[in-house]
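Residue-level structural notes
Now for the letters of each chain:
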Amino acid sequence: MQRFIQELTKGLWREIPPFRVMLGLCPVLAVTKNASNGLGMGIAVLFVLVLSNAIISSVRNFIPKKVRIACFITISATLVVAVELLMQAYVYPLYLQLGIFVPLIVVNCIILGRAEAFASKNPVHLAIADGIGMGLGFTMSLTFLGAIRELLGAGTLFGKFIMWEGFEPFTIMVEAPGAFICLGLILALMNFMTHWQIKRRNESTPFVLLHASQMPSCGGACPGCSSGQNKG
Amino acid sequence: MSVFEVFVSAIFVNNIVLSQNLGQCPYVGCSKEKGVAIGMGSAVIFVTVMATMFTWMAQKYLLDPFELGYLQTLAFILIIAALVQFVEMFLKKAIPPLYASLGIFLPLITTNCCVMGVTLMVQRDELGLMDSLIYAFATGAGFLLALILMAGVRERLETCRVPKAMQGTPIALIMAGIMALTFMAFKGMV
């Protein structure tokens, strides 16, 4: 039970994606133009992640090692099709807003990364806990990033104008460059806080530090880029 | 649109990495050295064009006639995965020198959103086969350009003194942001 809670909560802060573990950057940067898009995307990923973790973990002993990636992709693709159909049925405007990023959940590193790094090695209940934790963490980060960008870029939050009168929005924040700069600054801030904590307590690091040059940019778990499989 | 316009649009105006935010993982992950960047970029061009061709045909002759449009995602990712595997085996057997330079990047491309994204965008915009292939090639070229530029910047960055908290990924992302800002200047060209 303790293990269950540990796996559940690690995704919420200690290994929160995509800030601590750089997984699935594309949707993070592309759909966080406003907070509600970020929230919707996060929930879609949460759904796929929990179910794919559960299924992969329950069939982990039958899948031959050599074709495991193909099996993982098929399972997650099936779930993504389900999400697409559900979104078309119930939240069609959001589906149109997110556009091709809904089908692109298939190639999101976070799904395959967790499948490979966690679900294929652990029993079902732990895999589900990991999926929920990571998914919730991802949803929180996306909403947070979306809220910052929406607030600065349009002066609104979840579509409601809340900045002071005469506020001039920085349009750049809702464009592509704003995403990069915003995420970069948040990462830097998190690193800074971690350094500061370590210095103050003067004890060994509880976190994985992102700045370390040997740390691959996407956790190394995803088969989609070079840092995972070869060091380039 | 003429071929030239498609190229300018896909490489500069709507660059896949810097303006559409696709293919970020390799953009941040494989842009540490120029050689790696060129290898990865060329492999992406190659696979994107091939994948676009096959998925276009699958959509036109398999999914549409049988009204299986909702299986698009599943079908496309399986085609891309199988294609990448096949291309890798073919290159290994038939053209070893090319395999030596591109081979190591091929397995990593299956989950590159760049490839999948282009095949989906081509379907969304309902382009013809020839237009799709040109668009796929131009988008791949845009990816290559962004990757090489980033690798060049990061090679220089190695010798710079960056604040401790900014080292690694944060500074790379901010660099990417500035680069995206420069590319925004191309807006209005097409």
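Residues numbered from 1 in each chain as written. Chains lettered and ligands numbered in written order. Predicted model: local features only at pLDDT ≥ 70, side-chain atom pairs only at ≥ 80, totals over all residues. Heavy atoms only, no water.

**Concerning the overall build of chain B**
Along its length, chain B carries nine helices and zero strands. N-terminal to C-terminal, the α/β element order of chain B is α-α-α-α-α-α-α-α-α. Taken over C-alpha atoms, the radius of gyration comes to 17 Å for chain B, in line with the 16 Å a tight globule of 190 residues would show. Dimensions along the principal axes, computed over C-alpha positions, put chain B at roughly 60 × 45 × 30 Å. A total of 190 residues make up chain B; the buried ones form 54% of that total. Nonlocal contacts in chain B, meaning residues at least 24 apart in sequence, comprise 79% of its contacts between residues at least 6 apart. Surface exposure of chain B reaches about 8,500 Å², of which carbon and sulfur atoms provide 68%. Separation between the mean location of the 11 positive side-chain charges and that of the 10 negative ones in chain B comes to 15 Å. (Helix = DSSP H or I, 4+ residues; strand = E, 2+ residues; numbered from the N terminus. Rg over C-alpha atoms; globule rule 2.2 N^0.38 Å. Buried < 20%, exposed > 50% of the residue type's maximum accessible area, 1.4 Å probe, protein only. Contact = heavy atoms within 4.5 Å. Areas by Shrake-Rupley, 256 points an atom, 1.4 Å probe, with all protein chains shown as cover. Lys, Arg positive; Asp, Glu negative; His and termini not counted. Charge placed at Lys NZ, Arg CZ, Asp CG, Glu CD.)

**Re the state of the cysteines**
According to the stated counting rule, one finds zero disulfides over all chains in the structure shown. There is no disulfide at Cys182 of chain A, and the cysteine sulfur nearest it, in Cys26 of chain A, is 17 Å away. (Disulfide = S-S within 2.5 Å.)

**Some remarks on the environment of Leu83 of chain B**
The residue Leu83 of chain B is located in helix H4 (residues 72–94) in this model. In contact with Leu83 of chain B, not counting residues within four places along its chain, are Val47, Met50, Ala51 and Phe54 of chain B.

**As for the packing of helix H4 (residues 68–90) of chain A against H4 of chain B**
With their axes 8 Å apart at the nearest point, H4 of chain A and H4 of chain B run at an angle of 155 degrees to one another. Classified by the angle their axes make, H4 of chain A and H4 of chain B are roughly antiparallel. By crossing handedness, the relation of H4 of chain A to H4 of chain B is classed as right-handed. Here Ile73, Thr74, Ala77, Thr78, Val80, Val81 and Glu84 of chain A of H4 of chain A lie close against H4 of chain B, whose contacting residues are Thr73, Leu74, Ile77 and Leu78 of chain B. Tallied by class, the residues present in the contact of H4 of chain A with H4 of chain B amount to seven nonpolar, three polar and one charged. (Axes fitted to C-alpha atoms, helices over the stretch in contact; angles between N-to-C directions. Parallel < 35°, antiparallel > 145°, perpendicular 65-115°, else oblique. Left-handed = near helix turned anticlockwise from the far one by under 90°. Nonpolar A, V, L, I, M, F, W, Y, C, P; charged D, E, K, R; others polar.)

**Description of the pattern of salt bridges**
Residue and element names in this part refer to chain A. Evaluated as defined, the whole model comprises eight salt bridges over all chains. The shortest N-O distance in the salt bridge between Lys10 and Asp130 comes to 2.8 Å. You can see Lys10 sitting in helix H1 (residues 2–10) and its partner Asp130 sitting in helix H7 (residues 124–154), a full 120 residues away along the chain. Side by side, Lys10 and Asp130 carry an identical accessibility label, which is buried. For Arg114, the salt bridge is made with Asp130, and the minimal N-O distance between the two is 3.0 Å. (Salt bridge = Lys/Arg side-chain N within 4 Å of Asp/Glu carboxyl O.)

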